[in-house]
There are 2 protein chains.
Amino acid sequence: MSWEERLNQAGWRVTMPRRVVLRVLQQARRPLSPQEIHARGRRIHPSLGLVSVYRALEVLEQAGLVRRVHREARCDGYILASPGHHHVLICRRCGRAVEFPGAEDLSGLIDQVERRTGFRVEDHLLQLIGLCAPCRGSGPA
Amino acid sequence: MSWEERLNQAGWRVTMPRRVVLRVLQQARRPLSPQEIHARGRRIHPSLGLVSVYRALEVLEQAGLVRRVHREARCDGYILASPGHHHVLICRRCGRAVEFPGAEDLSGLIDQVERRTGFRVEDHLLQLIGLCAPCRGSGPA
DNA sequence: TCTCTTACTGAAAAAATTTTTCAGTAATAT
DNA sequence: ATATTACTGAAAAATTTTTTCAGTAAGAGA
């Protein structure tokens, strides 16, 4: 099924901004911000508005056609740090965040990725999202 | 070593905003945005400025006393998505982002976390940061 | 304890990002 | 072809983050 069909099936229309955003991302070699996508998109279709880029990204992300990357810069939300490397567990219902230790657990996966991609992995960001014990019991999922 | 000593050793001063931000985060039960930290901090020390909260977070994060949490909302940077769940590998030098499949790799870790914390893990965000093959060869680390 | 140095501070202003509003346009079903 | 309404771009509003600057206070050294 083409992405056009996927959009249509989900009740969305196939429009110029969505087409252009997708094409820009296909040609990109690194994650792009909305501004960057807009600038590049305008070279393809000069009337493309920045607001439409925001809106297109929202729809395309919901449709699973685009993935948001979280990078060090420009994300808020802070918790207290424990010493050493920790992963973070976040409850999607109450927002509680819990740290848990462990880097070793990933070494197998990291080895595999290094072998397959040629990357040298230096650091990682792992966040697990779910429901904490109290929230599992109370109210609607 | 106390956090005050850690700051001093790293050449930073122990100041009111840093003290207040840390105290607010100690009392918080979920990740807080700079704005939220500011609002709560003012209840402890009404002259606290928002700008100082930003600056304190920056320093405390560098000192390893505070950890930034990346959440779905409010992060830019997009890449094209492949179907299904993928992790993301990002080169810190050239910015290239590569997806790689795999959720099974984490099942052991997730089981362990669920047992120890009572959370039910539904989703996760894993990003590996490192150097891609071309960047490993060229220029300064 | 006093004094000096300068890393810090809050407030205001500037810059940048994101959302809302609105009148008009164009994608799709019929 | 036509009708419906999901979409569009631009402007304005709201929000977030950074910069600037004159003054303050942390901490080193006497």
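To be clear, the structure that these remarks concern was listed above.
Just so we're clear, the structure is a prediction, and the values are computed from it rather than from any experiment.

Peer 1: Would you mind showing me how to read the relation of the copies chain A and chain B here?
Peer 2: For the pair of chain copies, the relating transformation is a rotation about an axis with a translation along it. When chain A is brought onto chain B, the operation consists of a screw motion whose angular component is 180° and whose axial shift is 0.0 Å, with 0.1 Å RMSD remaining. Such a combination of turn and shift is consistent with a two-fold rotation axis. By C-alpha distance to the rotation axis, the residue of chain A lying nearest is A:L126, at 2.2 Å. Looking at chain A, 100% of its interface residues are interface residues in chain B too, so the copies touch through the same face.

Peer 1: What should I look at first to understand the protein's contact with DNA strand C in this one?
Peer 2: Close contacts around DNA strand C come from 23 residues, with A:V14, A:Y54, B:T15, B:S52 and B:R55 the closest. Elements with a contribution of two residues or more to the surface near DNA strand C: helix 4 (50-62) of chain A together with helix 2 (16-27) and helix 4 (50-62) of chain B. If one sorts the elements of the surface near DNA strand C by residue count, helix 4 of chain A sits on top with four residues. Tallied by class, the residues present in the surface near DNA strand C amount to nine nonpolar, six polar and eight charged.

Peer 1: What's the story with helix 5 (residues 107-117) of chain B in this structure? I'm lost.
Peer 2: In an α-helix, one full turn covers 3.6 residues, which means residues spaced three or four apart are oriented alike. Along helix 5 of chain B, the residues that are buried comprise B:L109, B:I110, B:V113 and B:E114. For helix 5 of chain B, the arc enclosing every buried residue in end-on projection is 135°, short of the 170-degree limit, so these residues lie on one face. Of the exposed residues in helix 5 of chain B, those oriented more than 90 degrees away from the buried face are B:R115 and B:R116. Contacts made by the buried residues of helix 5 of chain B are with strand 3 (86-91), strand 4 (97-101) and strand 5 (120-131) of chain A together with strand 5 (120-131) of chain B. B:G118 sits one or two positions beyond helix 5 of chain B and adopts a positive phi of about 80°.

Peer 1: What am I meant to see in the nonpolar core here?
Peer 2: In summary, soluble globular proteins display a tendency toward joint burial of nonpolar side chains. With 28 residues, the main nonpolar core has A:L128 and B:L128 as its most contacted residues. For this core, the secondary structure elements donating two or more residues are strand 3, helix 5 (107-117) and strand 5 of chain A together with strand 3 (86-91), helix 5 and strand 5 of chain B. Those residues in contact with B:L128 that lie beyond four places of it in its chain are A:L109, A:I110, A:V113, A:V121, A:D123, A:H124, B:V88, B:L89, B:I90 and B:F100.

Peer 1: Mind showing me how you'd approach the protein's contact with DNA strand D here?
Peer 2: Taken together, the neighbourhood of DNA strand D is formed by 23 residues, with A:T15, A:S52, A:R55, B:V14 and B:Y54 sitting nearest. A breakdown of the atoms of DNA strand D within 4 Å of the protein gives sugar and phosphate a share of 68%. The contact in question runs from a phosphate oxygen of DNA strand D to an N or O atom on the backbone of A:G49, over 3.2 Å. Element by element, the count of residues in the surface near DNA strand D is highest for helix 4 of chain B, at four residues. Grouping the amino acids of the surface near DNA strand D by side-chain chemistry returns nine nonpolar, six polar and eight charged.

Calculation rules
Residues numbered from 1 in each chain as written. Chains lettered and ligands numbered in written order. Predicted model: local features only at pLDDT ≥ 70, side-chain atom pairs only at ≥ 80, totals over all residues. Heavy atoms only, no water. Least-squares fit on C-alpha atoms with pLDDT ≥ 70 in both. Contact = heavy atoms within 4.5 Å. Near = heavy atom within 4 Å. Helix = DSSP H or I, 4+ residues; strand = E, 2+ residues; numbered from the N terminus. Nonpolar A, V, L, I, M, F, W, Y, C, P; charged D, E, K, R; others polar. Buried < 20%, exposed > 50% of the residue type's maximum accessible area, 1.4 Å probe, protein only. Arc of directions from axis to C-beta. Core = buried A, V, L, I, M, F, W, Y, C linked by side-chain atoms within 4.5 Å. Polar contact = N/O pair within 3.5 Å; in protein donor to acceptor, adjacent residues only side chain to side chain.

Shape is all these values report; function is a separate question.
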